[in-house]
Amino acid sequence: MQFQGFDIVVVAVVALVILTIALGVRTIPQGYNYTVERFGRYSRTLGAGLGLIIPYIERVGHKVNVMEQLLDVPSQEAITKDNAGVRIDAAAFYQVLDAARACYEVASLDQALITLTMTNIRTVVGSMDLDQLLSHRDEINERLLRVMDAAASPWGVKVTRIEIRDILPPADIAGAMNRQMKAEREKRAAVLEAEGLRQAEILKAEGQKQSQILAAEGRKEAAFRDAEARERSAQAEAAATAMVSEAIGKGDIQAANFLIAERYTDALRAIASAHNSKVVIVPIEAAALAGTVGGIAQLTRAVFGDEAVEARRGGSVPATGRTGG
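Keep in mind the model is a prediction, meaning the values are calculated, not measured.

The rules behind the values
- Residues numbered from 1 in each chain as written.
- Predicted model: local features only at pLDDT ≥ 70, side-chain atom pairs only at ≥ 80, totals over all residues.
- Heavy atoms only, no water.
- Helix = DSSP H or I, 4+ residues; strand = E, 2+ residues; numbered from the N terminus.
- Buried < 20%, exposed > 50% of the residue type's maximum accessible area, 1.4 Å probe, protein only.
- Areas by Shrake-Rupley, 256 points an atom, 1.4 Å probe, with all protein chains shown as cover.
- Pairing = 2+ DSSP bridges.
- Axes fitted to C-alpha atoms, helices over the stretch in contact; angles between N-to-C directions.
- Patch = residues over 30% accessible without salt bridge, like charges linked within 9 Å, V, L, I, M, F, W, Y side chains within 5 Å.
- Salt bridge = Lys/Arg side-chain N within 4 Å of Asp/Glu carboxyl O.
- Lys, Arg positive; Asp, Glu negative; His and termini not counted.
- Charge placed at Lys NZ, Arg CZ, Asp CG, Glu CD.
- Contact = heavy atoms within 4.5 Å.
- Expected span 1.5 Å × (residues − 1).
- Phe/Tyr/Trp six-rings, centres within 6.5 Å; stacked < 30°, edge-to-face > 60°.
- Lys NZ or Arg CZ within 6 Å of the ring centre and 35° of its normal.

A. Seen up close, the overall build of the protein. Helix and strand content of the protein: 9 helices and 8 strands. Every one of the 325 residues in the protein was classed for burial, and the buried ones make up 25%. When the accessible surface of the protein is split by element, carbon and sulfur atoms take 59% of a total near 21800 Å².

Put into structure tokens, the structure is as follows:
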């Protein structure tokens, strides 16, 4: 089959149309923006989706990632306000908001951001002491973020976060800090131990105080009870003595005998229960005790007279011996 000249022209035109359509249609993925240049000059920005350009006149200039991106900042040496050298490692996060400015306002966006971040880190570190630098990372991050965001704004970039990953002081300073930290911890431990001993002594003294108070109250209550018992015993003794005295006054010799016998037996009991007594000789036999009571009865008869004794003979205790009066 031989192609004639007209057929070749038709095929060439169709191929050119297909190529033109292919060059004029662009598919932009999600998270990217394409800049369009017309004769080498920025014309417009294509967002995600299907985009059309004029073939042979316009072309895609840059493909810009508009998602949040990580910028790894190299570690660097910096000098603090008190002339201590530290090594700082950081990371930054940024997002392109204006693709045209990010492409045409700065030559190399990543390198510019890295340089800007490192410069500002040295500036912030130089305005702080070492102790402040190590204990105020959030403040450092906030200051860096504020400065970086303001500096990158003309480039159409939003700096979202800056994180200080590590701050490494020199080895000798780190050793001194470790010794200081150890001394502080030992000091706190000693203070806590002393405070614990102090509280223990206070609690012990309070316990002894309460114990003594309770013991004193117990002795006071016991003394009160003992005094009350002695008072009641004395009252009972006085009442009994009064009754016996009244009976003796009426000539009841038996009551006198009872009282004298009771006192006698109490005296014998006291002698027998004494701690320093070794040998006690007492009239154990009932006859001896009765003889003693009889002798006491004769003394009573001598005091009150024979008439009272004879009147109460029926109730008196027989005497074992009698002496002339």
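B. Highlighting the sheet that holds strand β3 (residues 41-46). Pairing in this open sheet of 3 strands is antiparallel, and the strands run β3-β2-β5 from one edge to the other. Each edge of the open sheet carries a strand with a single partner, namely β3 and β5 (58-65). Across the sheet, the mean angle separating the axes of adjacent strands is 30° when strand polarity is ignored. Pairing analysis gives 5 bridges linking strand β2 (residues 32-38) to β3, with the strands arranged antiparallel. From the neighbouring strand, R38 faces β3, where its bridge partner is R41.

C. Fine view of a negative patch on the surface. On the surface, D138, E139, E142 and E163 cluster together to form a negatively charged patch. Per-element tally for the negative patch: the top contributor is helix α5 (residues 137-152), with 3 residues. Structurally, E139 is set in helix α5.

D. Here's a closer look at the sheet that holds strand β8 (residues 157-168). Pairing is antiparallel across the open sheet formed by 3 strands, whose spatial order is β6-β7-β8. Edge positions in the open sheet fall to β6 (69-79) and β8, since each of these has one partner strand only. Neighbour-to-neighbour, the strand axes of this sheet turn through a mean angle of 20°, independent of strand direction. Of the pairings in the sheet, the one linking β6 to strand β7 (residues 85-96) comprises 9 bridges and is antiparallel in character. Opposite Q76, over in β7, you have I88 as the bridge partner. The sheet strands contacting helix α3 (residues 109-126) are β6, β7 and β8, and the helix crosses β6 at an angle near 40°.

E. Up close: helix α6 (residues 171-249). For α6, which comprises 79 residues, the first-to-last C-alpha distance of 115 Å matches the rise-based estimate of 117 Å (1.5 Å per residue) to within 8%. For α6, the complete set of buried residues consists of V244, A247 and I248.

F. Spotlight on unusual backbone geometry. Although it is not a glycine, F39 adopts a positive phi angle of roughly 55°. Tracing the chain through its elements places F39 in the loop between β2 and β3.

G. Quick look at the environment of V66. Relative to the helices and strands, V66 resides in the loop between β5 and β6. The spatial distance from the C-alpha of V66 to the C-alpha of V157 is 9.4 Å, given a sequence separation of 91 residues. With sequence-adjacent residues up to four places away left out, V66 is seen in contact with G31, Y32, N33, Q95 and V96.

H. Local environment of the pattern of salt bridges. If you walk through the whole model with that rule in mind, you get 13 salt bridges. With its nearest N and O atoms 2.4 Å apart, the salt bridge here joins E58 to R38. Separated by 20 residues along the polypeptide, E58 in strand β5 and R38 in strand β2 bring together distant segments of the chain. Owing to a relative accessible area of 4%, E58 belongs among the buried residues under this scheme. The class for R38 is partly exposed, based on a relative accessible area of 36%. Between R225 and E228 there is a salt bridge whose closest N-O contact spans 3.8 Å. One end of the pair, R225, and the other, E228, are both in helix α6, 3 residues apart, so they sit about a helical turn from each other. Its relative accessible area of 23% is what places E228 among the partly exposed residues.

I. Quick peek at the packing of aromatic side chains. Taken as a whole, this structure holds 1 aromatic pair when the rule is applied. On the basis of an interplanar angle of 55° and a centroid distance of 5.5 Å, the ring pair of Y42 and Y104 is categorised as tilted. Residue Y42 is found in strand β3, and its partner Y104 is found in helix α2 (residues 99-104); the two are separated by 62 residues along the sequence. What makes Y42 partly exposed here is its relative accessible area of 35%. Looking at Y104, the relative accessible area reads 35%, which means it is partly exposed. The ring of F93 has R161 lying over it, and the distance from NZ or CZ to the ring centre is 4.3 Å.

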